[in-house]
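Structural description and commentary
Take a look at the letters that make up each chain.
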Amino acid sequence: MTRRALVIVASTRAAAGEYEDRSGPILVNFLREQGFDTPQPLVVADADIDSALATAFADAPSVILTSGGTGITPDDRTVEALTPHLDRELPGLAHAFYAHSAAIPTAALSRTVAGVSGRTFAMALPGSTGAAKDGCAVLEPVLHHIINQLEGINEH
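Residues numbered from 1 in each chain as written. Predicted model: local features only at pLDDT ≥ 70, side-chain atom pairs only at ≥ 80, totals over all residues. Heavy atoms only, no water.

Worth spelling out the cut-off: UniProt positions are given in the numbering used here, feature names are shortened, and annotations may be inferred rather than shown by experiment.
As annotated in an unreviewed UniProt entry, the protein chain is Putative competence-damage inducible protein from Corynebacterium aurimucosum. Comment text from UniProt for the protein chain, heading Pathway (unreviewed entry), reads "Cofactor biosynthesis; molybdopterin biosynthesis."

Here it is in structure tokens:
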């Protein structure tokens, strides 16, 4: 069975072509290295994150990772858009992400949420390349275990 994953980047400026997103490809490469069938990241304006997430969850992939829209500017709404889709939150992953990023002072201003919806795991990550790398480092040792659990595969 092929496991699919999606990456959605919330960035109004990148969606408008003002600059090239660099965090999405990091997440896509990580997911591909983990064996997930993952297309190129979908880059949307912050205002379009709600509809992009609704479409992504309707597709029911194994994993949805978002990048961007987790700060405190008025346009940053990814956490608020993702949370209603979650059946259960996994706050330990958010805590692990914050602990891993603690050496960066501005990391304390970012917000994240992780959880599951049906058999889909989802997590919102900040939009910097450093945050994408930190998210990958936190997810790498547990991602397959999460997906196995959601698929009802008992590893023990």
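1. Focus: the packing of helix α2 (residues 23–33) against helix α6 (residues 129–139)
In helix packing, the relevant descriptors are the interaxial angle and the interaxial distance, both defined with respect to the helix axes. The test is simple: To obtain each axis, a line is fitted to C-alpha atoms, and for helices this fit is confined to the stretch in contact; angles are then taken between N-to-C directions over 0 to 180 degrees. Numbered from the N terminus, helices here are DSSP runs of H or I no shorter than four residues, and strands are runs of E no shorter than two. An angle below 35 degrees is treated as roughly parallel, one above 145 as roughly antiparallel, one from 65 to 115 as roughly perpendicular, and anything else as oblique. Left-handed is the label given to a crossing in which the near helix is rotated counterclockwise from the far helix by less than a right angle, and right-handed is the label when the rotation is clockwise. Residue contacts follow a heavy-atom distance rule, with two residues in contact if any of their heavy atoms lie within 4.5 Å. Three categories are distinguished: nonpolar for Ala, Val, Leu, Ile, Met, Phe, Trp, Tyr, Cys and Pro, charged for Asp, Glu, Lys and Arg, and polar for the others, with Gly belonging to the last.
Contact pair α2 / α6: the axes reach a minimum separation of 8 Å and the direction vectors enclose 20°. As far as their axial angle goes, α6 and α2 are roughly parallel. Considering the relative orientation of α2 and α6, their crossing is right-handed. In this structure, α2 uses S23, I26, L27 and F30 to contact α6, whose residues at the interface are T129, A132, K133, C136 and L139. When grouped by side-chain class, the residues that make up the contact of α2 with α6 number six nonpolar, two polar and one charged.

2. Here's the deal with the UniProt feature "domain: MoaB/Mog" (unreviewed entry) in the protein chain
UniProt's feature table lists "domain: MoaB/Mog" (unreviewed entry) at residues 6–145, given in the numbering used throughout. Along residues 6–145 one finds 39% helix and 18% strand; the C-alpha atoms at either end are 18 Å apart.

3. Points about the packing of helix α5 (residues 91–100) against α6
Axis separation between α5 and α6 bottoms out at 9 Å; the angle between their running directions is 125°. In terms of orientation, α5 lies oblique with respect to α6. Crossing hand, α5 versus α6: right-handed. Here L93, A96, F97 and H100 of α5 lie close against α6, whose contacting residues are A131, D134, G135, A137, V138 and L139. Looking at the contact of α5 with α6 residue by residue, the class counts come to seven nonpolar, two polar and one charged.

4. Some words on the sheet that holds strand β6 (residues 120–125)
So the rule is basically this: Any two strands are treated as partners once DSSP identifies two or more bridges connecting them.
Taken together, the six strands give an open sheet; going across it, the order is β2-β1-β3-β6-β5-β4, and neighbouring strands pair in mixed fashion. With partners counted over all chains shown, the strands left at the sheet margins are β2 (42–44) and β4 (88–89), one partner each. Where strand β5 (residues 114–117) meets β6, four bridges bridge the pair, whose relative direction is antiparallel. In the sheet register, G115 faces β6, and the bridge partner there is A122. Strands β1 (5–10), β2, β3 (63–67), β5 and β6 of the sheet are contacted by helix α3 (residues 49–59), whose axis makes an angle of about 180° with β1. Its contacts with the sheet place α5 against β4, β5 and β6, and it is angled at close to 35° to β6.

5. Brief notes about the pattern of salt bridges
Convention followed: By salt bridge we mean one thing: a side-chain nitrogen of Lys or Arg within 4 Å of a carboxyl oxygen of Asp or Glu. The buried label applies to any residue whose accessible area, calculated with a 1.4 Å probe on protein chains only, is under 20% of its type's maximum; exposed applies above 50%, and partly exposed to all values in between.
For the structure on display, the rule yields four salt bridges. With a closest N to O distance of 2.7 Å, E151 and R3 form a salt bridge. Here R3 lies in the segment before β1 and E151 lies in the segment after α7 (143–150), a separation of 148 residues in the sequence. One exposure class covers both E151 and R3, and it is buried. For the salt bridge of R4 with D59, the shortest nitrogen-to-oxygen distance reads 2.7 Å.

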